[in-house]
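Structural features, examined
Read off the chains here:
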Amino acid sequence: MAEPTRVLLDESRIPRNWYNIVADLPVPPPPPLHPGTLQPLGPDDLAPLFPMDLISQEVSQDRFIQIPEGVLEVYRLWRPTPLIRARRLEKSLGTPARIYYKYEGGSPAGSHKPNTAVPQAYYNAKQGVRRLTTETGAGQWGSALAFACAQYGVECEIWMVRASYDQKPYRRSLMGVYGAKVHASPSPVTSAGNKILAEFPDSPGSLGIAISEAVEIAGQHDDTRYALGSVLNHVLTHQTVIGEEAIEQLAAFGETPDVIVGCTGGGSNFAGLTFPFFREKLAGRMNPTIRAVEPAACPTFTRGTYAYDFGDTAGFTPLLKMHTLGHDFVPDPIHAGGLRYHGMAPLLSHMYELGMFEAIAMGQRECFEAGVRFARTEGILPAPEPTHALAETIAEAVRCRESGEEKVILTALCGHGHFDLAAYDRYLAGEMDDFALTQERIDQALATLPKV
Ligand SMILES: *Cc1c(COP(=O)(O)O)cnc(C)c1O
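What this report covers is the structure whose coordinates are included nearby. (Residues numbered from 1 in each chain as written. Predicted model: local features only at pLDDT ≥ 70, side-chain atom pairs only at ≥ 80, totals over all residues. Heavy atoms only, no water.)

Points about the overall build of the protein
- For the protein, the helix and strand inventory stands at 19 helices and 15 strands.
- Relative to its length of 452 residues, the protein is compact, with a C-alpha radius of gyration of 20 Å against a globular reference of 22 Å.
- Relative to its full complement of 452 residues, the protein shows a buried share of 62%.
- When contacts within the protein are restricted to residue pairs at least 6 apart in sequence, those whose partners lie at least 24 apart make up 77%.
- Counting every atom, the protein has about 16600 Å² of accessible surface; 50% of that belongs to carbon and sulfur.
- One finds the centroid of the 39 positive side-chain charges in the protein at a distance of 4 Å from the centroid of its 52 negative side-chain charges. (Helix = DSSP H or I, 4+ residues; strand = E, 2+ residues; numbered from the N terminus. Rg over C-alpha atoms; globule rule 2.2 N^0.38 Å. Buried < 20%, exposed > 50% of the residue type's maximum accessible area, 1.4 Å probe, protein only. Contact = heavy atoms within 4.5 Å. Areas by Shrake-Rupley, 256 points an atom, 1.4 Å probe, with all protein chains shown as cover. Lys, Arg positive; Asp, Glu negative; His and termini not counted. Charge placed at Lys NZ, Arg CZ, Asp CG, Glu CD.)

Given below as structure tokens:
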């Protein structure tokens, strides 16, 4: 029989637990702080924003958290996802490396985001919450939450970053089909939005601004809670179904990874793939090099600072100790909208400080070049975000060609790019810019970090 190209698991192999890496870290991560008192946050401080089950997951020290049957029922629509060997890409590169990608684009919303949107909607519905608010950058998180809310009969109201709202009308349409209400952010329906519009009527928006708007509305209504698509511990934990499945699938190929690469916006798909592998690495069962790839236009790990900062622009959220470019930083409108966030997951930021993984930044033209090569060889059109991971995967495979090393490279293909064809058109027409980010702009945004 020919060697396998895809390992598909039976639906009985969907993981029964999410993995909480906090239980295994050598040093505990610094706590979030109350923005008024600067004291560590208590569960009650978060109650206006999140249901109790998610708050306990946010602060949990348990290694494993059982996935409820009501969530598994919806996961079965698309999980387990395939792990595919990129044989045609390998061949086109002439590399001795073996490249594997875990493909999350087959979910209903087309990305990894439903892995957390579904449990978030489930726990809110369980607590009797009537409506969820959220922000969305490229529209991937918004469509995932809109889909998840429809599963459990929860209303969904979404603030979509203006730049994407204009560039990606079909993501907006998809949210509408799932039954959600969508505003362009900054919007005139919140005080945070109005404040920005008064100063910058043409603001392209940012995730930080959109979060302020969604949090503001949730905070004002008893029957409304807020949902975040990345960054927080419980979100990263929900995503670990990706890595748990990948461990089993790679073993079925008879492989252990030498290099694992993922793109990072807020860090959830990267954490979702890598956390279970970190567990194996910490236990001495494998020793992969793990590498995050971020956009050069929003280089949170590589040029940001590690400090307490707000998660949003208006300063409504708790203070999170994280790698940040400053909550006032508005990234240039690159096409990977999901990577345009000023901060990074506190858990990943902490692990980066501990030296547990590497990070690099890449310009968008090089990433789209990788995306086109991938589409022409493997057939799947990647979302602009994971083209960052693919560009580094290709660079690593080319280094293997030069050194003759037969490395096993594993990468997260966290979404498809079917709604991003306008961006691919621009790339193919030679009209895509790489934005240069000056140190002055970073310094300016960092000057307004809260004093802690
Ligand atoms: C949202 C999104 C990202 C960025 O978010 P992370 O939390 O860093 O994963 C990356 N890729 C896709 C396809 C997304 O939808």
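Brief notes about helix H18 (residues 421-428)
- Among all positions in H18, only Ala423, Tyr424 and Tyr427 are buried. Relative to the axis of H18, the buried residues are bounded by an arc of 100 degrees and lie together on one face. The exposed residues of H18 that point more than 90 degrees off its buried face are Asp425 and Leu428.
- Contacts made by the buried residues of H18 are with helix H16 (364-378) and helix H17 (386-403).
- Just beyond H18, the residue with positive phi is Gly430, at close to 70 degrees. (Arc of directions from axis to C-beta.)

A look at the environment of Arg279
- Checked against the element boundaries, Arg279 lands in helix H13 (residues 268-282).
- The sequence separation of Arg279 and Gly343 amounts to 64 residues, and the corresponding C-alpha distance is 24 Å.
- Not counting residues up to four positions away in its chain, the partners in contact with Arg279 are Tyr19, Asp24, Phe64, Glu244 and Ile247.
- A polar contact of 2.8 Å, which involves the side chain of Arg279, links it to the side chain of Glu244. (Polar contact = N/O pair within 3.5 Å; in protein donor to acceptor, adjacent residues only side chain to side chain.)

So, the sheet that holds strand E7 (residues 155-161)
- Strand order in this open sheet of 4 strands is E8-E7-E6-E9, and the pairing throughout is parallel. Edge positions in the sheet fall to strand E8 (181-185) and strand E9 (224-226), since each has one partner strand and no second. Within the sheet, the average angular offset between the axes of one strand and its neighbour, ignoring direction, is 25 degrees.
- Pairing geometry for strand E6 (residues 131-136) and E9, over 3 bridges, is parallel. Pairing of Leu132 across the sheet is with Arg225, part of E9.
- Sheet strands in contact with helix H6 (residues 140-152) are E6 and E7, and its direction is about 165 degrees off that of E6.
- Sheet contacts for helix H8 (residues 169-177): E6, E7 and E8; angle to E7, the most-contacted strand, approximately 170 degrees. (Pairing = 2+ DSSP bridges. Axes fitted to C-alpha atoms, helices over the stretch in contact; angles between N-to-C directions.)

Topic: H17
- With 18 residues, H17 extends 26 Å from end C-alpha to end C-alpha; this agrees with the ideal 26 Å at 1.5 Å per step.
- The element H17 is extensively covered by neighbouring structure, given that 13 of its 18 residues are classed as buried.
- Count one or two residues on from H17 and you reach Gly404, which has phi positive near 80 degrees. (Expected span 1.5 Å × (residues − 1).)

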